[in-house]
Amino acid sequence: DAKTTQPNSMESNEEEPVHLPCNHSTISGTDYIHWYRQLPSQGPEYVIHGLTSNVNNRMASLAIAEDRKSSTLILHRATLRDAAVYYCRVSRLYGGSNYKLTFGKGTLLTVNP
Amino acid sequence: NAGVTQTPKFQVLKTGQSMTLQCAQDMNHNSMYWYRQDPGMGLRLIYYSASEGTTDKGEVPNGYNVSRLNKREFSLRLESAAPSQTSVYFCASSAFIGGGARGAFFGQGTRLTVV
């Protein structure tokens, strides 16, 4: 899988927007961008994914750069429940025999009341 | 749908004891994975199974064995538990190895303490 780079930590205030960046400069044309989050004491959960166009769902929005070498997860109004570790990863459409599902260290998001 | 179910949720073992962590998924996924997560650390891949009948080592396989019993179930065995294996263990599944377009789904974890 393409390597991803994320900041170790970010801080936000409650009810303010949060933009979590991810660099994936070695992404290839058919790779999907996925975001997961891990709430305290829980397993990681899927947040959103995209290929080329920006995506929205009830949890977040995903903005993908035109060259696809970076993406940004947007939480429009952070709540205390959004405090978690956010992981960005890149995955091929149909995987491949050498592709393990590994994760980097992610970004620890702290939300201040 | 239950998604990915792990049993047990909590376990305390004595050093040298053995146990098997169970994982089952009901999403008809081909690939399954076992991870460990130590306090304040990231996820480390122990073993994975790209498809039924195949298993491969991940980043930290020593001290563990796995069995892909069928398409639904993937178990992790500790033959002789050591305090260094105290951790939270997560199982995950995905339609395609490495995640594919739809990504992966995780269980809620098993908290294992070895004393």
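Before reading on, note that the structure itself is shown above.
All values reported here derive from a predicted model rather than from experimental measurement.

1. Section: the layout of surface pockets
Here is step 1 of the chain: Here the largest pocket defines a volume of roughly 620 Å³.
Here is step 2 of the chain: Lining the largest pocket we find 27 residues, and of these Tyr 87 of chain A together with Gln 37, Gly 40, Met 41 and Gly 42 of chain B sit closest to its centre.
Here is step 3 of the chain: Elements represented by at least two residues in the lining of the largest pocket include exactly β8 (84-92) of chain A together with β9 (87-96) of chain B.
Here is step 4 of the chain: Here the element with the most residues in the lining of the largest pocket is β8 of chain A; it accounts for three residues.
Here is step 5 of the chain: Partitioning the lining of the largest pocket into residue classes produces 13 nonpolar, nine polar and five charged.
Here is step 6 of the chain: Estimates place the volume of the second largest pocket at around 230 Å³.
Here is step 7 of the chain: Along the walls of the second largest pocket sit 15 residues, with Thr 4, Thr 5, Phe 103, Gly 104 and Lys 105 of chain A positioned nearest its centre.

2. Comments concerning the state of the cysteines
All names here are of chain B.
Here is step 1 of the chain: Taken as a whole, this structure holds two disulfides over all chains when the rule is applied.
Here is step 2 of the chain: Across a sulfur-sulfur distance of 1.9 Å, Cys 23 and Cys 91 are joined as a disulfide pair. Across the disulfide from Cys 23 to Cys 91, rotation about the S-S bond amounts to roughly -75 degrees, and the bridge is consequently left-handed. Remark: Cys 91 occurs in strand β9 and Cys 23 occurs in strand β3 (residues 19-25); sequence separation between them is 68 residues. Side by side, Cys 23 and Cys 91 carry an identical accessibility label, which is buried.

3. Focus on the nonpolar core
Nonpolar side chains in soluble globular proteins generally cluster together in the buried interior.
Here is step 1 of the chain: Membership of the largest hydrophobic core comes to 22 residues, with the highest contact counts inside it found for Leu 20, Trp 35, Leu 73, Leu 75, Tyr 86 and Leu 109 of chain A.
Here is step 2 of the chain: Per-element tally for this core: the top contributor is β8 of chain A, with four residues.
Here is step 3 of the chain: Within the second largest apolar cluster, 19 residues are counted, among which are Phe 74, Leu 76, Ala 81 and Tyr 89 of chain B.

4. Remarks on the interface of chain A and chain B
Here is step 1 of the chain: Counting residues at the interface gives 25 residues for chain A, matched by 23 residues for chain B.
Here is step 2 of the chain: Here chain A meets chain B over a buried area of about 1900 Å², counting both sides, of which 57% is carbon and sulfur.
Here is step 3 of the chain: Looking at the side of chain A facing chain B, the largest losses of area belong to Pro 44, Lys 100 and Leu 101 of chain A, adding up to 28% of the total buried there.
Here is step 4 of the chain: Applying the counting criterion to the chain A and chain B interface returns zero salt bridges.
Here is step 5 of the chain: Across the chain A-chain B interface, the total number found is five residue pairs in polar contact (both at pLDDT 80 or more).

Reading guide: rules and limits
Residues numbered from 1 in each chain as written. Chains lettered and ligands numbered in written order. Predicted model: local features only at pLDDT ≥ 70, side-chain atom pairs only at ≥ 80, totals over all residues. Heavy atoms only, no water. 1 Å grid on protein atoms, 1.4 Å probe; cavity = no way out; pocket = protein on both sides within 12 Å on 5 of 7 lines; lining within 4 Å. Points joined across faces, edges and corners; volume = space filled by probe spheres on them. Helix = DSSP H or I, 4+ residues; strand = E, 2+ residues; numbered from the N terminus. Nonpolar A, V, L, I, M, F, W, Y, C, P; charged D, E, K, R; others polar. Disulfide = S-S within 2.5 Å. Buried < 20%, exposed > 50% of the residue type's maximum accessible area, 1.4 Å probe, protein only. Core = buried A, V, L, I, M, F, W, Y, C linked by side-chain atoms within 4.5 Å. Contact = heavy atoms within 4.5 Å. Buried area = accessible area lost by both parts, 1.4 Å probe. Salt bridge = Lys/Arg side-chain N within 4 Å of Asp/Glu carboxyl O. Polar contact = N/O pair within 3.5 Å; in protein donor to acceptor, adjacent residues only side chain to side chain.

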